[in-house]
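Report on the structure
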There are 2 protein chains.
Amino acid sequence: MKFEPVTIKDIAAKLNLSTSTVSRALRGSWEISNKTKKLVLEYAEKINYRPNPIALSLKERRSHSIGIVVPEIANHFFSQAINGIESIAYNRGYHVSISQSHESTEREMVNIQHMASRSIDGLLVSISAETENLKHLQDLHEKGLPIVFFDRIAPEINTYKVVADNYKGAYDATVHLINEGYKNIAHITSSPHLFITQKRLEGYKKALEDHQIPYDPKLVEYCNYGGMVVDEVELAIKNLFKNKKKPDAIIGGGDRITSVIFLLLKNQKKGGLKIGYIGFSNSDLTDMFSPSLSVVRQPAFEMGVAATELLIKLIESKRPITEFETIVLDTQLIEKESSKKRIE
Amino acid sequence: MKFEPVTIKDIAAKLNLSTSTVSRALRGSWEISNKTKKLVLEYAEKINYRPNPIALSLKERRSHSIGIVVPEIANHFFSQAINGIESIAYNRGYHVSISQSHESTEREMVNIQHMASRSIDGLLVSISAETENLKHLQDLHEKGLPIVFFDRIAPEINTYKVVADNYKGAYDATVHLINEGYKNIAHITSSPHLFITQKRLEGYKKALEDHQIPYDPKLVEYCNYGGMVVDEVELAIKNLFKNKKKPDAIIGGGDRITSVIFLLLKNQKKGGLKIGYIGFSNSDLTDMFSPSLSVVRQPAFEMGVAATELLIKLIESKRPITEFETIVLDTQLIEKESSKKRIE
DNA sequence: TTTTATTACGCAAACGTTCCCAATTTACTT
DNA sequence: AAGTAAATTGGGAACGTTTGCGTAATAAAA
């Protein structure tokens, strides 16, 4: 089946004008008489003419579309970030194209290649938990493709970045648990090579230090697939409880990890386990958990907004930009039941 | 900043060949000598040549991309469906372009127009709860743009459709509640004009009828924004409890409505309210609710797969298709705590 | 040797636009 | 009336590809 849109040629033929005249009339050029302009505009309106964006892209050598690469959209943090991205992009005349890596480096590379070859004007990326080697991105970046990272940033690539203040988020969460009276606070987090993981760990350590609690590496467990596979989280928990000093509280990193830990803890709790818990999550369902879940919330929407503004700035800049900033947005600690040490 | 990809011309110039020869060599045409082919292929590989899809689209008058229009991606049903769509699309060489209506007719129209004018080859649509007038879609459909509906289908447009068996889903849920001993089963659902809403209502009624329970329209409440605004759900619940015969169980329609009802019920429960509850939901977090939530789960991924296969069939078909089927996939009732009448 | 196939390649048009550079018309001076 | 300036419009190239057709060069047949 085909779908034959009307072109500038159709208008030109019908009106006995040249395509150049029609083209100019359509964009309201001053060098076309009002009479002709009106004629063209009215006819175009009548037959519902729409410029062919493909032809335009070919001519202008830009597609007015930006690509988004995220681990997965079925994650409230990312879907909120995408909403932020869209809110800016559409207003600025850009179309967005979303793709998911599902935390796999390979899919991430394929998607990025695919997008790059589909002539996007720029890329908004949050790298997968599995990704360590960033050569594919580095290459594109060096060739001049505008890229902005958000959340899961790549420190070694010199461009704009937007992150939540994971250091402070983890710090606050840890302090909160300490203040509640927890002593052995564990941390189950994402891949150790992710920058956000490192920042969270630093915040966690600093909070312990500030409260004269020695840092015990055995209380930190990493999930290399960001919680996409339940087994890795299960193993992490199992490892924690193998320690002689069992944790009495856990801080979870990332939406996925956070909810999986919660589920596993909930199941274990039947055995009388009582653990303080707080997680990094942007889910809007955490209030419905039982106990309701204390969370560190990231400003996902705002991060999307900021990243998109930077990307468009990069795309539309006449001269190459070499000074790049990293925008850090505040996290929010939301205290609910799961992190409270209740009197029993 | 600009990003200058290498073109066929660059190869031709470098190798002292014409663009036609290079083009033919690249696609392995038989009328090019093996020597030349090898030369071209190797050089193309070396400089990492990628055909410009925009130029190709312009030439072939198709973009190899399909548009998705859903209410929102921050909804597990839709994100799972999108995963299903992607799984097929990418394998068949199609790129997908996702857009969200946020349950608003206006945004839906804008998105659809935008996509149509961006030369997509076909459209996968799940209409917003607010949408009643389908003229925009009807127009495009009549102009020959291939469209397949899934989940929120438009019965009046004659094309392929893919739905879950909402009738059976609602029937099963209702019967389950009846069997648990609930007497006054209410139903809070989406806009009355949505086809799925009607089907669910039918299933609900039939189940009541089969168990000699009279149908009471006062036990059915509609949310015109599909639960996007909390107030409408709150009002729905309030209305239900105004009845002289107060409901002792509720069936919620849609992911969003389901979780909002749950939250509101949970808050009310402090006052001693005890209500059987089951909802249509594809969230993977319902197990963590308290009580864990009984749900009717829809085969979201499979629906995405089926819809995409049909759309591609439509796009690639040589002759116009006039016989359209509607695929109905089974739902699954998952019984957890929230729908059980426990002995107290 | 000349004719006829066959092989391997180049030319140029086309897809829908924009835009530089004329060419034509109209209006204004002198 | 003729000349010039200003206002409109058209021609055609370009963006990166594909592809029908034409044409050299080579090989086979006469």
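Residues numbered from 1 in each chain as written. Chains lettered and ligands numbered in written order. Predicted model: local features only at pLDDT ≥ 70, side-chain atom pairs only at ≥ 80, totals over all residues. Heavy atoms only, no water.

Re the nonpolar core
In terms of nonpolar packing, the biggest core is built from 77 residues, with Ile-188, Ile-250 and Ile-261 of chain A together with Ile-188, Ile-250 and Ile-261 of chain B touching the most fellow members. Leaving out residues up to four positions away in the same chain, Ile-250 of chain B has contacts with Leu-177, Ala-186, Ile-188, Leu-240, Ile-261, Leu-265, Ile-275, Gly-276, Tyr-277 and Ile-278 of chain B. Residues Ile-66, Phe-77 and Ile-315 of chain A together with Val-96 of chain B belong to the second largest nonpolar core, which totals 62 residues. (Core = buried A, V, L, I, M, F, W, Y, C linked by side-chain atoms within 4.5 Å. Buried < 20%, exposed > 50% of the residue type's maximum accessible area, 1.4 Å probe, protein only. Contact = heavy atoms within 4.5 Å.)

Points about the pattern of salt bridges
Scanning the entire structure with this criterion turns up 24 salt bridges over all chains. The residue Arg-24 of chain A makes a salt bridge to Glu-31 of chain A at a minimum N-O spacing of 3.9 Å. Shared partners join several salt bridges into a network, and the residues in it are Glu-72 and Arg-256 of chain A together with Asp-284 of chain B. (Salt bridge = Lys/Arg side-chain N within 4 Å of Asp/Glu carboxyl O.)

A word on the domain arrangement of chain A
When its domains are assigned, chain A resolves into domain 1 (8-51), domain 2 (62-163 + 300-329) and domain 3 (166-298 + 332-339). Computed from C-alpha coordinates alone, the two centres of domain 1 of chain A and domain 3 of chain A are separated by 63 Å. (Domains from an automatic or database assignment.)

As for the interface of chain A and chain B
With 58 residues of chain A at the interface, the matching set in chain B holds 58 residues. Interface area for chain A against chain B, summed over the two sides, is near 5300 Å², with a carbon-plus-sulfur share of 58%. Joining chain A to chain B, the criterion identifies two salt bridges. In this structure, Asp-284 of chain B engages Arg-256 of chain A in a salt bridge whose closest nitrogen and oxygen atoms are separated by 3.8 Å. The interface formed by chain A and chain B includes seven residue pairs in polar contact (both at pLDDT 80 or more). Elements with a contribution of two residues or more to the side of chain A that touches chain B: α4 (53-60), α5 (76-91), β2 (95-100), α6 (105-117), α11 (255-269) and α12 (300-316) of chain A. Residues of the side of chain A that touches chain B, tallied by class, amount to 25 nonpolar, 22 polar and 11 charged. (Buried area = accessible area lost by both parts, 1.4 Å probe. Polar contact = N/O pair within 3.5 Å; in protein donor to acceptor, adjacent residues only side chain to side chain. Helix = DSSP H or I, 4+ residues; strand = E, 2+ residues; numbered from the N terminus. Nonpolar A, V, L, I, M, F, W, Y, C, P; charged D, E, K, R; others polar.)

A short note on the relation of the copies chain A and chain B
Overlay of chain A on chain B (RMSD 0.1 Å): rotation 180 degrees, translation along the axis 0.0 Å. The symmetry that links the two subunits is that of a two-fold axis. Minimal C-alpha separation from the rotation axis in chain A is found for Phe-289 of chain A, amounting to 2.2 Å. Comparing contact sets, 100% of the residues at the interface of chain A also lie at the interface in chain B, consistent with an isologous, same-surface contact. (Least-squares fit on C-alpha atoms with pLDDT ≥ 70 in both.)

Some words on the protein's contact with DNA strand D
Around DNA strand D, the surrounding shell holds 27 residues, and the nearest of these are Thr-21 and Arg-24 of chain A together with Ile-8, Ser-23 and Arg-27 of chain B. Here the atoms of DNA strand D within 4 Å of the protein split so that 58% fall in sugar or phosphate, with bases taking the remainder. In this structure, a phosphate oxygen belonging to DNA strand D sits 2.9 Å away from a main-chain N or O atom of Ser-18 of chain A. Those elements that place two or more of their residues in the surface near DNA strand D are α2 (19-26) and α4 of chain A together with α1 (8-15), α2 (19-26) and α4 (53-60) of chain B. (Near = heavy atom within 4 Å.)

A closer look at the protein's contact with DNA strand C
Around DNA strand C there are 27 residues in total, and Ile-8, Ser-23 and Arg-27 of chain A together with Thr-21 and Thr-36 of chain B lie nearest to it. Counting only the atoms of DNA strand C within 4 Å of the protein, the fraction contributed by sugar and phosphate is 61%. Within the side chain of Arg-61 of chain B, an N or O atom sits 2.7 Å from a phosphate oxygen of DNA strand C. Counting only elements with at least two residues in the surface near DNA strand C, the list comes to α1 (8-15), α2 and α4 of chain A together with α2 and α4 of chain B.

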